[in-house]
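Report on the structure
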Amino acid sequence: MPDRAAEANALLSPLDASPPASITDQHRQWMLAQMIASRIYSQRVFNLQRQGRAGTNAPVDGSEALLAGVSLALDPTKDWILPQYRELVGLERFGPDVLDRYVLYALGHPDGGHIPEPTRVFPPQISLATQVPHAVGLAWGMQHQPDETGCVLVFLGDGSSSEGDFYEACNFAGVLDAPVIVVVVNNGWAISTPVASQTRAKNFAEKSHAFGIPGVTVDGTDSVAVFEATAEARSRAVAGAGPTLIEAVTYRLGPHTTADDPTRYVPADEIEAARERDGIVTLRDQLVAEGLWSDDIEIAISTAADARMEAAVQAGEARPVDPDGFFDHVYAELTPRMQRQRQAFWADREGRS
Amino acid sequence: MTGPGTQGPGDEFRLPDVGEGLDQAEIVEWLVAEGDTVDRDQPLVEILTDKSQTQLPSPKAGVIKRLGFVEGDMAEVGQVLVQFQGVDFDADPASVPVTAQIQTTGGTEQALERRPKASPAVRRRALDAGIDLASLNGTGPGGRITVDDLDRALTVPADAPQVAASTKIPVAQIPPPRPAANLTLGQMAPGRHQLRGIRRVTAESMTRAIAIPHIHGADEFDASALLSGRKRIKDLHPEGAARLTPLAFFVMAVADGLRRYPMINASIDTALDTALDTAGLDTEGPDTEGPDQKAAGHIDVHEAVNIGIAVATDAGLVVPVIRDADRRSLFDLAEEIHRLTTAARERTISTADMQGGTCTITNYGSLGGRFATPMIRPPEASIVGFGSIRVRPIVVDGAVAARPTLPISIAVDHRLIDGDLMTAFQEHIIGLLTDPVALLAR
Amino acid sequence: MTDIVADAATDTQVMTMLEAINHTLHAEMEHDQRVIVFGQDVAANGGVFRATEGLQTAFGPARVVDTPLAEAVIAGTSVGLAAAGMIPVPEIQFLGFSYQAFHQIAGQIARLRYRTRSRFGAPITIRSPFGGGVRTPELHSDSLEAQFANIPGLKIVMPASASDAKGLLATAIRDPDPVLFLEPLRGYRMIKDPVPLSEHLVPFGRARTVTSSPDDQVVIVAWSFMVELARRAAEELAAEGIRARVLDLRTLVPLDTNAIVEAVEAIGRVVVVQEAPETNGFASEIIATINDEAFYSLEAPVKRVSGYDAPYPVGSLEDNYVPDVHRIMAAARSTVVAA
């Protein structure tokens, strides 16, 4: 009797840091497991919001495949990822604390923004596209450090690509030949704004012409294709050949966030068609057809992912929060004025029942 | 509440804010029933909010003990939707988190009286010294209480009653302390000086006094009986009469005169002045279409006889008041005069001792002079002045003799007191002072 | 608090503030290889005011970089550079154009440490000139320090002397937190004083008393170029018999509250001078702080001398707009005369 639990755990492990030279069947299984797990993680966080236990959050639905492909193509010990806000559930390869901290973030705990060393992932970014200049700066800084041989990959949405920061950053990245990969996740919608209202460009990849850098479009529901595009961009970057703009085309299968009701603006037939192209569904169908996947495995994966999440939620909800926690980390050291304010804070607290 | 820092979901599942600022939701459809066993995240209920219709998943695995609403109800955020088995159902709707009503301290209507003005430094000192700024008169710009004003007030004995000044009776300023022997009669060096202190108060008071139509009476009389009588009393009672001065006799006589003629121990407020100004009309004549008489004047005949005595100090005239002068014995008056005069000169006089006067005596004769035209201190209606007692020619028993004589100069407010009354008053006083036995036997 | 010099240097050289800044950048880049200077026209051109003159020659094109014309990315890449372990010293060519970078400064740089609970610090020093009196086009002279002062997580440093320019800039570059280092355009060449040649660090949060006497009647609180005007005003007031103390705040955030309180307790009359428009300028914060800490020592209301509530005007009106010695003196006189 195959040990499905062990198999599931193996499929949910991060694998070797060094990205594979090419994709094997095991890698495809691994990617499908990652995709299923990330959707389970995302759904749990969504439910927490509906239960009043978590704040607004953005479901991953539709991005699972591209996250699996991207993370496998990068080296967690050398490369950096700067997410927007939908991606962290799919980046467990980069460190177990990525998910733990994302849960804390969703729960509204200040420690959710702190992803501990040595994990090379930034916390979620709320101010759209501001992470692209950060990524370029990080890549630029790595150019100054001979020990830093990796690259930086940054995610942003189709909507975010209309922000000035995107253009300024990509432009500068080109000038610097910065080792950065800019991934525009085109999932069709920026809340209720369809891509057709976002830009007259034929696609997002062609904006790369403005920057003088290569632009690539890839099927974001095909994790293998995403892996290959990312791997190639990474090679260019670490070889000093500069940045690449990757447009990953997918479809947002869920709401923008917990605060959104897409039934108000997404045509029903469109979403139905998109569900049929769901990356999880297509890869699963392929692997099942090839005898590389079964219900047993899927159940084991789901069970393991669910348990993983439950542990993270329990730990997160039990984690204490200092009532005056917002005074910390504003500066390296509290200013005298802030010390006075902190004292006043506690004096006020003591005056309450 | 749930969230980080708590221990996970309890046995009550309350309606959360699912849409960033929603406060209620409609229960559309229950997906479970009481008694059901549910899994974690199993959808419990379909709700409809302003933003969307959505399902709420169960926060835990458990058995449903009670549903908090029926389909169609509006539930508020925080109210219990589902009670799991484990604790008693809390039927208290007060479990709804109510944002605390901020009780406004019902806009107290500030009285229109003005708060005293003072700089923060002055306020702090006044606070520390326990002085109520409202009891002080500010001599700074706009009536602001200055450091000097505070300094003066700080020399008042702590137990002196701080009486709020009535708007009608001016409170004279107290000059800085100086030995009486060095009286310089308020001289200042050449140059411009800010008008402040007693000088300013006197200037204001006398400016108002101009509005009073003064009529004057004057006379001179034989003071020899007064002087010999005083000497006799001092011989008989050296201690009781230690401070007996002629002024004590004057006060007693004037007090008796005020008792005899109460209309002089009075104040008048005609309330006709501004009306007259604007109408420009003669007040007399029945045909006159007078100004609106709605603001009729009034006369206050005072119950008490409080006689102010003018004391000359270095900084100007100070007028402490002898209260109930008509009820005091001669010795009592002498003591009181001494006390008040000393306190005035030494700048220790209290506000209370300066207030409530109904008539004033000015013993200008102590410095010299014969006849004078003293000015009435508003809101009083009379002032009695005494000149210096000197040996002068006077007719006695048909022949000219050299006798000590005492000049008296009176002024009264003719709006209230006519010449006949004034003269009667004056004659009465003279009568008593000419014959001290009659004074003491009154 | 009096001026504190962190070293015991005996060697000094008279420099303009501009020279002092350039000298300090050279010294700090020498001192720490992680320092990287970048911005528009800073490398080949040495900066439009020559503040970064000679740096690229000395330290090479990798450490002194001409960026594209993109303020948001000049500020935003600093975040990434800091995460990579560098010490970014970007320049925003004129403070008025920091608006184009505001979201990165306020929303990202100021919060990087806070958001990541110190996983990443932001040892970033943004240099930017501002201020009037030099007939610049629109926006080039705007004083925006008050707008930044309300953002938690930033430090705001505004030297008024060449010596302080060195001491404060060195401290800023070595500070683990983000610093806005604001340089007065008018002062670049006009302010000249002896600058220590060896290492010289002026700590933040320590104001400098420029002039004082035991029986000062009014204290004039100022920063940046207004300190020089306050100093001139104090000189002329002395001739009128009014003794004025001049207090140079040096850093607005952190603020030397103690120095302000001591001065108010000793003197009781205050004038605050700011070049920025009146409403909600930093003088408001100083007056609120005096209210909190030294209210009962006041003898008169604190007077503000500031720009007017109009955008910084065109050249022909500029002199009417900025605070000048005359207005400072009038304010000082009025507080002294007030009872």
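Up top is the structure.
In this text, all values refer to a predicted model and were calculated from it rather than measured experimentally.

Conventions used here
Residues numbered from 1 in each chain as written. Chains lettered and ligands numbered in written order. Predicted model: local features only at pLDDT ≥ 70, side-chain atom pairs only at ≥ 80, totals over all residues. Helix = DSSP H or I, 4+ residues; strand = E, 2+ residues; numbered from the N terminus. Buried ≥ 20, exposed ≤ 12 C-beta atoms within 10 Å, placed from the backbone. Pairing = 2+ DSSP bridges. Axes fitted to C-alpha atoms, helices over the stretch in contact; angles between N-to-C directions. Contact = placed C-beta atoms within 7 Å. Nonpolar A, V, L, I, M, F, W, Y, C, P; charged D, E, K, R; others polar.

For the rest of this paragraph, the subject is the environment of A:Ala241. Residues and elements named next belong to chain A. By the secondary structure assignment, Ala-241 is in the loop between helix H9 (223-238) and strand S7 (244-249). For Ala-241, a count of 14 C-beta atoms within 10 Å corresponds to the partly exposed category. Taking the C-alpha atoms as reference points, Ala-241 and Ala-178, separated by 63 residues in sequence, lie 8.1 Å from one another.

What follows concerns the sheet that holds strand S5 (residues 53-57) of chain B. All names here are of chain B. Across the sheet, which stays open at both edges, the four strands sit in the order S5-S4-S2-S7 with antiparallel pairing between neighbours. At either margin of the open sheet sits one strand with a lone partner, and together these are S5 and strand S7 (74-76). Between one strand axis and the next, the sheet turns by 45 degrees as a mean value, whatever way the strands run. Direction of pairing for strand S4 (residues 43-48) relative to S5: antiparallel, over a ladder of five bridges. Its bridge partner lying in S5, Leu-48 is registered against Gln-53.

Below, the discussion takes up the environment of B:Thr362. Of note, B:Thr362 is situated in strand S16 (residues 359-362). Taking the C-alpha atoms as reference, B:Thr362 lies 8.0 Å from B:Val311; in sequence the two are 51 residues apart.

Let us now look at the interface of chain C and chain A. The interface is formed by 35 residues belonging to chain C together with 36 residues belonging to chain A. Taken together, the elements giving at least two residues each to the side of chain C that touches chain A come down to helix H3 (71-83), helix H4 (102-109) and helix H5 (112-115) of chain C. If you tally residues by element for the side of chain C that touches chain A, the top one is H3(C), at nine residues. Split into classes, the residues belonging to the side of chain C that touches chain A amount to 15 nonpolar, 15 polar and five charged.

A few words now on the sheet that holds strand S1 (residues 80-82) of chain A. Residues and elements named next belong to chain A. The strand order across the open sheet built from five strands is S1-S2-S3-S7-S6, with neighbouring strands paired in parallel fashion. The strands lining the two open edges of the sheet, one partner per strand, are S1 and strand S6 (215-219). If you compare each strand with its neighbour and ignore which way they point, the axes differ by 20 degrees on average. In this structure, strand S2 (residues 152-157) lies alongside strand S3 (residues 180-186), joined through six bridges in parallel fashion. If you follow Val-152 over to S3, its bridge partner there is Val-180. Contacts between helix H5 (residues 131-143) and the sheet are confined to S1, S2 and S3, with S2 contributing the most and set at about 170 degrees to the helix. Packed onto the sheet, H9 meets S3, S6 and S7 and runs at close to 170 degrees relative to S7.

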